[in-house]
Amino acid sequence: MPEQGIQIETSWKKVLAEEFAKPYFQEIKHFLQEQKQQGITVYPPGSLIFNAFNTTPFEQVKVVVIGQDPYHGPGQAMGLSFSVPRGIAIPASLRNIYKELQNSLGFIPPNHGDLSYWAEQGVFMLNAILTVAAGQPGSHKNIGWQEFTNAVIQKLSEERTGLIFLLWGRFARTKIELIDEMKHYVLESAHPSPLAGNAFLGNGHFAKTNEILEKQGSKPIDWQLK
């Protein structure tokens, strides 16, 4: 697949041009085409696979939130980690994220789970795996996406400074090896899933993120969703 055929925001297209030209990326595209030919539903829809990139250009990234793979239920995945479109039930992990925001910053939980407003402010909401087969969590974990998103994290680490990486849960925390901690801030905690025993609650990450941004002279994130 020629890199010019990738529908992705211009700054990311330039930064990731080498990745798009590599054989593994062609294999991802071929795999997804085969899934389509076999009548397998893949989430998110093609237009939203690179939603995180299209909503948060490379130079506008302030905060990086790393998820695992997309939601696998109908209408849930929208290409932003932890986010679901308006009108879709708010997942349990996101409810805990809202609870932490409420406890630490007086956040008023909205009646939706669309986190686009955060992404528009520089919160890069990256899933390590960008697609999934309907009803089959983790089904695309070995098709090459992690090589791609590892390269994304490394590019951010190498070419930007002062970013805040939020690593929630064992899987996300493995990505610390890709991040230069001399140049960036890394905040680690348990995953927001209730399966983690609510250990996520009380981590203070949202307040800490804004403290760091303000110390850097950057505009803090308005976490309150409209």
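Residues numbered from 1 in each chain as written. Predicted model: local features only at pLDDT ≥ 70, side-chain atom pairs only at ≥ 80, totals over all residues. Heavy atoms only, no water.

Caption draft 1: Representation of the environment of Trp-118 in the model. Residue placement: Trp-118 occurs in helix H6 (residues 116-120). Trp-118 sits in the buried class, given a relative accessible area of 2%. A C-alpha to C-alpha distance of 11 Å links Trp-118 and Ala-52, two positions 66 residues apart in sequence. In this structure Trp-118 touches Ile-97, Leu-101, Val-123, Met-125, Asp-222, Trp-223 and Leu-225, once residues within four positions along its chain are discounted. (Helix = DSSP H or I, 4+ residues; strand = E, 2+ residues; numbered from the N terminus. Buried < 20%, exposed > 50% of the residue type's maximum accessible area, 1.4 Å probe, protein only. Contact = heavy atoms within 4.5 Å.)

Caption draft 2: The sheet that holds strand S5 (residues 164-168), seen in detail. Within the open sheet, the 4 strands sit side by side as S3-S2-S5-S6. Their pairing is parallel. With partners counted over all chains shown, the strands left at the sheet margins are strand S3 (123-127) and strand S6 (185-189), one partner each. Neighbouring strand axes in the sheet, compared pairwise and without regard to direction, differ in orientation by 20 degrees on average. Examined bridge by bridge, strand S2 (residues 63-67) and S5 share 4 bridges and lie parallel to one another. If you follow Ile-66 over to S5, its bridge partner there is Leu-167. Against the sheet, helix H7 (residues 145-159) contacts S2, S3 and S5, and its axis sits at roughly 155 degrees relative to S3. Taken strand by strand, helix H9 (residues 205-215) contacts S2, S5 and S6, and its axis lies near 170 degrees from that of S5. (Pairing = 2+ DSSP bridges. Axes fitted to C-alpha atoms, helices over the stretch in contact; angles between N-to-C directions.)

Caption draft 3: Spatial organisation of H7. In this model H7 runs 21 Å from its N-terminal to its C-terminal C-alpha over 15 residues, within 8% of the 21 Å that 1.5 Å per residue would give. Within the span of H7, buried status applies to Trp-145, Phe-148, Thr-149, Ala-151, Val-152, Ile-153, Lys-155, Leu-156 and Ser-157. (Expected span 1.5 Å × (residues − 1).)

Caption draft 4: Inspection of the pattern of salt bridges at higher detail. Enumeration according to the criterion identifies 6 salt bridges in this entry. In this structure, the salt-bridge partner of Lys-22 is Glu-19, at a minimum N-O distance of 3.0 Å. What makes Glu-19 buried here is its relative accessible area of 7%. Measuring nitrogen to oxygen at the nearest pair gives 3.6 Å for the salt bridge that ties Lys-155 to Glu-159. With Lys-155 and Glu-159 both in helix H7 and 4 residues apart, the pair spans about one turn of that helix. (Salt bridge = Lys/Arg side-chain N within 4 Å of Asp/Glu carboxyl O.)

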